[in-house]
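This is what each chain is made of:
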Protein chains: 6
Amino acid sequence: MSNRLGEFRERRDRQNHLVLSHANLETKRFFALDSASYRAGALDAATKELLGLVASTVLRCDDCIAYHLTRCAEEGVTDAQYREAMNVALVVGGSIVIPHLRRAEEIWQELLEEKQQDGG
Amino acid sequence: MSNRLGEFRERRDRQNHLVLSHANLETKRFFALDSASYRAGALDAATKELLGLVASTVLRCDDCIAYHLTRCAEEGVTDAQYREAMNVALVVGGSIVIPHLRRAEEIWQELLEEKQQDGG
Amino acid sequence: MSNRLGEFRERRDRQNHLVLSHANLETKRFFALDSASYRAGALDAATKELLGLVASTVLRCDDCIAYHLTRCAEEGVTDAQYREAMNVALVVGGSIVIPHLRRAEEIWQELLEEKQQDGG
Amino acid sequence: MSNRLGEFRERRDRQNHLVLSHANLETKRFFALDSASYRAGALDAATKELLGLVASTVLRCDDCIAYHLTRCAEEGVTDAQYREAMNVALVVGGSIVIPHLRRAEEIWQELLEEKQQDGG
Amino acid sequence: MSNRLGEFRERRDRQNHLVLSHANLETKRFFALDSASYRAGALDAATKELLGLVASTVLRCDDCIAYHLTRCAEEGVTDAQYREAMNVALVVGGSIVIPHLRRAEEIWQELLEEKQQDGG
Amino acid sequence: MSNRLGEFRERRDRQNHLVLSHANLETKRFFALDSASYRAGALDAATKELLGLVASTVLRCDDCIAYHLTRCAEEGVTDAQYREAMNVALVVGGSIVIPHLRRAEEIWQELLEEKQQDGG
């Protein structure tokens, strides 16, 4: 198993800490609002993470995709649900999305392996 | 009640007919694949329409938004669910999304009025 | 003098009122944060409006451009400053920006006429 | 026959004149460079216009599409060539391109009608 | 000679295999449609690859650029044709395209070296 | 102190040299126009670099961000000004901008360290 996912998590945590330790009030409020927007409400957390995943995929941001994939796995999104959501992103966003789909698949496979190990 | 929604539907149907009556095989296959991607499967149709709506909103396409709003209304998406999905789109896509959010709100209000009249 | 600018202002006010009268807490917080981000601080208000104008132009949003143009005029941005900022947007964003530059010029001319009338 | 094409041409000419009568040196140089980039060289003019058309379509700019469609018609691009080029744009750019494809079809049909009248 | 190109090819093949071994029917159909869209028809294969290259460049996708560059080299696109096509992409897409133009140049130089070695 | 900044500068210089040694006339003119657009005029150089920085951030181009950050540091942009400009970019562009904000923060910290060493 590669450590693509581990590297992403370490880098993201370190960089977020760096940004927030220097951020002005408005930027801190944006980060707080970002977190609040994915909390369960009329839509459950899994659905909101799928919305974030598809938005990140059509906008083609690998780090955003990796983050929402991790959260999708935590919220119990199934393999078939993952594939249907990413197919919507592919059809809406076109073949320009494919390189991100390829990298997402590697992350998703790592997440499935983590789940198996946790459940073993 | 304005006829923004009616104009959109009439124009979309007429233009789609024009495109498909001239389209080559590959373009026809794309349209068929587009339709197939929103059919209920591991994710239900309402969730898929919300994915299409959020993708259309962060990519800022008014006609795509109007189409998925219509389908969301047909699939029983509630007002609170609509607002939570659009808020995810707003936070992911930023203030550049706001003019589309404004036009979406007008379409959504028309759709709510249609529902009330149908149910009256 | 055309009323392109007047129509934009009327429509924007009406639609913003419609959105905010229905918005959930997170969307209301986004709108408040959006306003706060352009208040004078280490950068003066005119510079921040130019930043918003250039961002709106490279992202190609006519309503956002019209709004920041109005604010630039209010903050005393000169004609030469407007042209240098838009030229940066044109070079960064490419010829795909030109149709928006054309529509911005019409709005800017209306704003210059308004200023002359106010000062006459 | 609608006058969508006529309106586009009149508006584009008027607005370009307005922009260029006020533009600074850098913006004028950009417009000159833009024109120079489509002149026949190692690639013929028709191929360059198809490149401009597909770039405009995946970036989703209706005015840019209308302009390059007009130039494609002038350079003798055939109906089948038009459809293959737009299909590449559709597959690369995804279903978000479809509303622009619909409007392009209307412009293309007007251009075909113009050609028939000219040749009649 | 660097192995940027070799690494790209190996990674792309491995990842495509991973995606397609798990993909649902719709995603498989998208990949098939993507391939079909570049086959010679009313436009020859070299022209279609140039269309794909310019679309990939204005949408700023390095992997897509690398793929279409490889195909352009296979279809006999000349150095001067490459430069005219990329200049159209640069003018349409703006300076934001330049980092991708820089990386494309490195790939293109590797492809030219490969051709010389094959023909030597 | 990491050498992220040093690597960027070395790579950018090497690649620009490669591009320009092969570029056709139009591409060379684009590069010259790009440079000219940031020279002090009615707006000072620092303001123009902030415009370039915000445009690069909302369009999400790491190399463009790194370049304009370097120029901002050279033109005396303060830490508070940097944060207000990037906050405008964040609010306009949305959370999809955050990964670029994280990488920008690392570059900016390196630039602040360079300044301290130069002034020590």
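Located above this text is the structure these notes cover.
Within each chain, residues carry numbers counting from 1 in the order of the written sequence. The naming scheme follows written order: chains are lettered A onward, ligands numbered 1 onward. Only residues with pLDDT of at least 70 are given local features in this predicted model, and only at 80 or more are side-chain atom pairs given and counted; all residues enter the totals for whole chains, interfaces and linings. The basis for the side-chain values is all heavy atoms of the structure; hydrogens and waters are excluded.

A.B. asks: Whenever I open this one, the relation of the copies chain D and chain B confuses me. Can you help?
C.D. replies: Two chain copies here: they are related by a rotation about an axis and a translation along the same axis. The transform that puts chain D on chain B rotates by 120 degrees and translates by 0.0 Å along the axis, for an RMSD of 0.0 Å. In the structure described here, the two chain copies are related by an operation that fits a three-fold rotation axis. The share of interface residues of chain D whose copies in chain B are also at the interface is only 6%, consistent with the copies meeting through different surfaces. Superposition of the copies was done by least squares, using only C-alpha atoms of residues whose pLDDT is at least 70 in both. Between two residues, a contact is recorded if the distance between any of their heavy atoms is within 4.5 Å.

A.B. asks: Would you mind showing me how to read the packing of aromatic side chains here?
C.D. replies: Here is the rule: rings of Phe, Tyr and Trp (six-membered ring for Trp) pair when centre to centre is within 6.5 Å. Planes less than 30 degrees apart are stacked, more than 60 are edge-to-face, and the remainder are tilted. This structure, assessed with the given rule, holds nine aromatic pairs over all chains. Consider the rings of Phe-30 of chain A and Phe-30 of chain C, whose centres lie 6.2 Å apart with planes at 70 degrees: the pair is edge-to-face. Separated into two different chains, Phe-30 of chain A in helix α2 (residues 25-36) and Phe-30 of chain C in helix α2 (residues 25-36) make up a pair that spans both. Neither Phe-30 of chain A nor Phe-30 of chain C differs from the other in exposure class; each is buried. The helix count covers DSSP runs of H or I at least four residues long, the strand count covers runs of E at least two residues long, and both are numbered beginning at the N terminus. Burial classes: relative accessible area under 20% of the type maximum marks a residue as buried, over 50% as exposed, and values in between as partly exposed (1.4 Å probe, protein chains only).

A.B. asks: Can you help me understand the packing of helix α1 (residues 4-22) of chain B against helix α6 (residues 98-119) of chain B in this one?
C.D. replies: Helix packing for two helices is described by the angle between their axes and how far apart those axes are. Residues and elements named next belong to chain B. Where helices are involved, their axes are fitted lines through C-alpha atoms of the stretch in contact, as for all axes, and angles between N-to-C directions lie from 0 to 180°. Here α1 crosses α6 at 95 degrees, and the two axes come no closer than 9 Å. What the angle tells us is that α1 and α6 run roughly perpendicular. Residue-level inspection shows Arg-4, Leu-5 and Arg-9 of α1 in contact with α6, the latter providing Arg-103, Glu-106, Ile-107, Glu-110, Leu-111 and Glu-114. Asp, Glu, Lys and Arg are counted as charged, while Ala, Val, Leu, Ile, Met, Phe, Trp, Tyr, Cys and Pro are counted as nonpolar; the rest, among them Gly, fall into the polar class. Across the contact of α1 with α6, the residue classes break down as three nonpolar, no polar and six charged. Here is the rule for angles: anything less than 35 degrees is roughly parallel, anything more than 145 is roughly antiparallel, 65 through 115 is roughly perpendicular, and the remaining ranges are oblique.

A.B. asks: Explain the interface of chain D and chain B to me, please; I cannot follow it from the model alone.
C.D. replies: Bring the parts together and some accessible area is lost; that lost area is often taken as the interface size. Contacts between the two partners involve 18 residues from chain D and, on the opposite side, 20 residues from chain B. Of the roughly 1700 Å² buried between chain D and chain B, counting both surfaces, carbon and sulfur atoms make up 60%. The salt bridge definition used is simple: a Lys or Arg side-chain nitrogen within 4 Å of an Asp or Glu carboxyl oxygen. Viewed at the interface, chain B and chain D are joined by three salt bridges. We define a polar contact as two N or O atoms separated by no more than 3.5 Å, with the added condition that, inside protein, one atom must be a possible hydrogen donor and the other a possible acceptor, whereas residues neighbouring each other in sequence contribute only through side-chain atom pairs. For the interface between chain D and chain B, the tally reads nine residue pairs in polar contact (both at pLDDT 80 or more). Sorting the residues of the side of chain D that touches chain B by element identifies α5 (79-93) and α6 (98-119) of chain D as the ones contributing at least two each. Of all the elements, α6 of chain D adds the most residues to the side of chain D that touches chain B, at eight residues. Classifying every residue of the side of chain D that touches chain B by side-chain character gives six nonpolar, four polar and eight charged. Here's the idea: put two parts together, see how much 1.4 Å probe accessible area each one loses, and the total over both is what we call buried area.

A.B. asks: I keep staring at helix α2 (residues 25-36) of chain D and nothing clicks. Help me out?
C.D. replies: Helical geometry: 3.6 residues make up each α-helical turn, so side chains three or four residues apart lie on a common side. A helix is expected to span 1.5 Å multiplied by its residue count minus one. Helix length check: α2 of chain D (12 residues) gives 17 Å between terminal C-alpha atoms against 16 Å at 1.5 Å per residue, within 8%. Of all the residues in α2 of chain D, the buried ones are Glu-26, Thr-27, Phe-30, Phe-31, Leu-33, Asp-34 and Ala-36 of chain D. On its buried side, α2 of chain D packs onto α5 (79-93) and α6 (98-119) of chain C, α1 (4-22) of chain D, α5 (79-93) of chain E together with α2 (25-36) of chain F.

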